[in-house]
Every structure is written in C-alpha cells, then in structure tokens.
Amino acid sequence: MFLSHSILTNKNINSKLLFNNIRYFTTSIIKSPPYRILFFGTDNVSLPILKSLHENQKLKTNNLVKELQVICPKSEKKELVEEYAIENGLKITYPDAINGMKGFQVPKITTGESEQGNDELFDLAVVVSFGHFIPKSVLSKFKYGGINMHPSLLPRHRGAAPIYHQILSDDDNVGISVIELHHERFDCGKILKQIKLEPYDKDKILYNQLLTNLVELGSEHVMSTIKDFPESSKNAKNQSEQGKTLAPKVNRKMSKLQWTTQTMKEIWILYKAFSDNIGLNTMIHNKKSKSAKTIKVKEMLQPLLDSTTITTTTTTTTTTNEMYKQLLIDIENYENRNSTTLKHGTFFLETDKSKPYNNIMWVKCKDGWVGITKLFEEGKKNTVKSSEFLFGKNIISINDKNNLIIPDSQILF
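All of the points below concern the structure found in this document. Please read all numbers here as calculations on a predicted model, not as lab measurements.

## Focus on the nonpolar core
For step 1, the next point in the chain: One finds Leu-53, Val-126 and Ile-226 to be the most contacted residues of the largest nonpolar core, which totals 76 residues.
For step 2, the next point in the chain: At 9 residues, the largest contribution of residues to this core is made by helix 5 (residues 207-227).
For step 3, the next point in the chain: Among all residues touching Leu-53, those that are not within four sequence positions of it are Ile-37, Phe-39, Val-65, Leu-68, Val-126, Met-223 and Ile-226.

In structure tokens form, the structure reads like this:
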C-alpha cells in the first residue's frame, strides 16, 4: 500500500484516500491493466499518444485499454485531438469555456463494473499537452490518479514550451518524462519513466523533426508505463528541484533576428528553433514602396563554428573551409579597397560563378557572416531561393565589376 509519507483520511480502502502532497488516489491497490482511461489533450503533441491508446483499445487480446474517452477544449477551428475523437467515435467531454477545469465533472464510464461504489470511476487520467491544470477535485476521481507525458528531461524545462527551450538552451541531451500528475503544480509530479532521445544530432535537427521524434518516443513509453503501471507507480521517484528550469510560451519577438548583437551560433540556434514553424524574421527595405517588409529565413547554411564541413538542412555537402575562407578574404579585400567596414546587417549576393560562395545571400552579424539560401517574403505565396528573391533588385556585390560600393540601404534590420 502507498502509505509512505502519507495521511490516510479514511480506513476504507475503496473510499477516497488523500495522500499528503504526494498522490490523490481512490484506492491504494493498483491492479494490472486493462484500464479505463480518460485522455486529456489538444494538439500535435497529444494526438500520437491518443492514437496509440485507441489502437490498443481495438486489440482483441492483451490490450491495455478497456475504455477510452476524451477531454479537450472546444474551439471553432477543431484541434487535432477533437477532430480525431469525432472521426473515430470517441466520446468527448468539453471543459467550460470560461472556467476551464474549475468545477469540472468527470464523465461516467460506459463499461460498468460493480466494485462497491467504484463502478463509475475511470482508472487513470492520461494528460498530454492539455493546457489546463487538473485540480485535485478532478484528480481524486480516478482510481489510480493520472500520468503526464512531458517532452523534456524534467526538472529541466517545466512549462508550456519545453521543445523550443531544449533547442534554445542548446542542450546536449533531450528526451521525455512520464510523470504522475501533481495536485498543486504543473510538471512537478513523481517521475515514472525518463528516456533520452538517442541519437540526437543537436547541431542540425529543426523544431518540427525534434517534436516528431520526442512525441514518438513519448508515445512508446506512455504505453510501456501503462503496461507496467503497478510496478512503475511503486518505484516512482521525486523530482529534484536542483537543475530545474522553466519553459514559458515563446513569441514572435523571440524569433526576430538582431544582426548587431547576435552571433553566428545564436542565429543558428534561433534558426533551428523557429524557421520551420513561427518563422525566423528580419526586415528589408523595399525600394518601390519606400517601406520595410518582413522576410522569413526558411533555409540557411550551418555556420562554420567547430566543424570543417558546411551543411544545409536539406542536403549535406562535403565542402571545406575554402568556401568561408575565400568569402572572408574577398570581404577583407573589399573593405580595404574602399576604406570601409561593412555594417552589421549588410547583405549581398555574389553572382560570379567562379566564387565558391555564389548564389547565396550573405548577411553580416555580430561575429561573422551567415548564408541564407531560401526565404519567404511577406505578402507572397511561396518560399523562393534567395538568389531569385534578390534578382532584379540591383544588389551590389563585394566583387562588383564596376567597383560600386554597397549602399547603407542594402541592409537587413
């Protein structure tokens, strides 16, 4: 029985047991699956776990899920979990649009069992990227409490955006945690299982691919946790408060490039975090309208930091240091020839095909130059190569045949 560090409020094993700051169960003996599960979720992080649970429920033998219902917010534009539940005939209950989970009534099960008053209780809550806190008044309605899959190695990155913050923090190791739901705080429950993502190529992987990999890993281990839940629950470990970090929601201000203050490494980290989702943004002067336009960096070369290879996110090319070496030599020659120092944010496109850095939009940042190969212009429909975007815009190169000087207006900001 789970009595360690606990206060039993009622000696009847089938009545509610309140565990002092540890667990809120309705029974202290955890039986093996199959379980009646109430799933709480919303989005592309939640959906794969819901699918795994649903597919398991449909098995004729050795299934872990006896019953499955769904709790998700109701919205005009249906979220992925709501859409899937409707399409597959899963019963949905919606939290109140204003009060959320406050005063929420847990729905009744449909597969009844006579168990001395427990015949209307779900066994387990499974919560993934739900967005609402599950209060103890709700959590206490489940026989075995609830579990949560959090896509980080807790206690690092507690909060709403752990995948973003694992990239932004340049973590060497990433992974998932399956935890018990805590009755007072988000992401602070006991750890049932914690798995590192391996292999993890932190220098190249972008946000969406990392999300996919972590959710696949999380889905696998939610199911394995449920399979061995009596043992997993027995061996659950308290989270350490040492090394904890927070992962609040991200916003578009965080994805705005600052060419004067950001290094090549910092820009590459922002690129990995934001380029394939909310966008990595900068501004360019529009000569026609005499105004500024937003452009989004969609693909760029990996800066040459500690490696001798240069790669893009779509293909790996075994180019050498010679590309950057020649670029820096030609930039130095340009600055010496014109007795000038190019400003941060200055950009150019080299059209001379004899140069190894040709047809790439080069932009000066705090400690060097970054190469943009594809971008998206505000108001346009499609992503284009940077050479196509700059074609016909009278962009002056560092190797201009007429020795023209790059104007101050040829700058990103």
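Anyway, onward from the coordinates.
## Observations regarding the side chain of His-54
For step 1, the next point in the chain: Inspection of the secondary structure puts His-54 in helix 1 (residues 47-57).
For step 2, the next point in the chain: Judged by its relative accessible area of 6%, His-54 falls in the buried class.
For step 3, the next point in the chain: For His-54, the side chain forms a polar contact with the side chain of Tyr-84, separated by 2.8 Å.
For step 4, the next point in the chain: In this view, His-54 contacts Leu-68, Tyr-84, Asn-88 and Leu-90; residues no more than four positions away in its chain are not counted.

## Points about the packing of aromatic side chains
For step 1, the next point in the chain: Considering all chains together, one arrives at 11 aromatic pairs under this definition.
For step 2, the next point in the chain: Ring centres of Trp-268 and Tyr-271 lie 5.0 Å apart, and the angle between their planes is 25°; this geometry places the pair in the stacked category. Here the residue Trp-268 and the residue Tyr-271 both occupy positions in helix 7 (residues 264-274), the gap between them amounting to 3 residues, near one helical turn.
For step 3, the next point in the chain: Of the residues examined, Tyr-271 reaches a relative accessible area of 0% and is grouped as buried.

## A short note on helix 1
For step 1, the next point in the chain: Along helix 1, the residues classified as buried are Leu-47, Ile-49, Leu-50, Leu-53, His-54 and Asn-56.
For step 2, the next point in the chain: Taken together, the buried residues of helix 1 touch strand 3 (35-41), strand 4 (65-71), helix 2 (80-87), strand 6 (124-128), strand 7 (146-150) and helix 5.

About the thresholds
- Residues numbered from 1 in each chain as written.
- Predicted model: local features only at pLDDT ≥ 70, side-chain atom pairs only at ≥ 80, totals over all residues.
- Heavy atoms only, no water.
- Core = buried A, V, L, I, M, F, W, Y, C linked by side-chain atoms within 4.5 Å.
- Buried < 20%, exposed > 50% of the residue type's maximum accessible area, 1.4 Å probe, protein only.
- Helix = DSSP H or I, 4+ residues; strand = E, 2+ residues; numbered from the N terminus.
- Contact = heavy atoms within 4.5 Å.
- Polar contact = N/O pair within 3.5 Å; in protein donor to acceptor, adjacent residues only side chain to side chain.
- Phe/Tyr/Trp six-rings, centres within 6.5 Å; stacked < 30°, edge-to-face > 60°.

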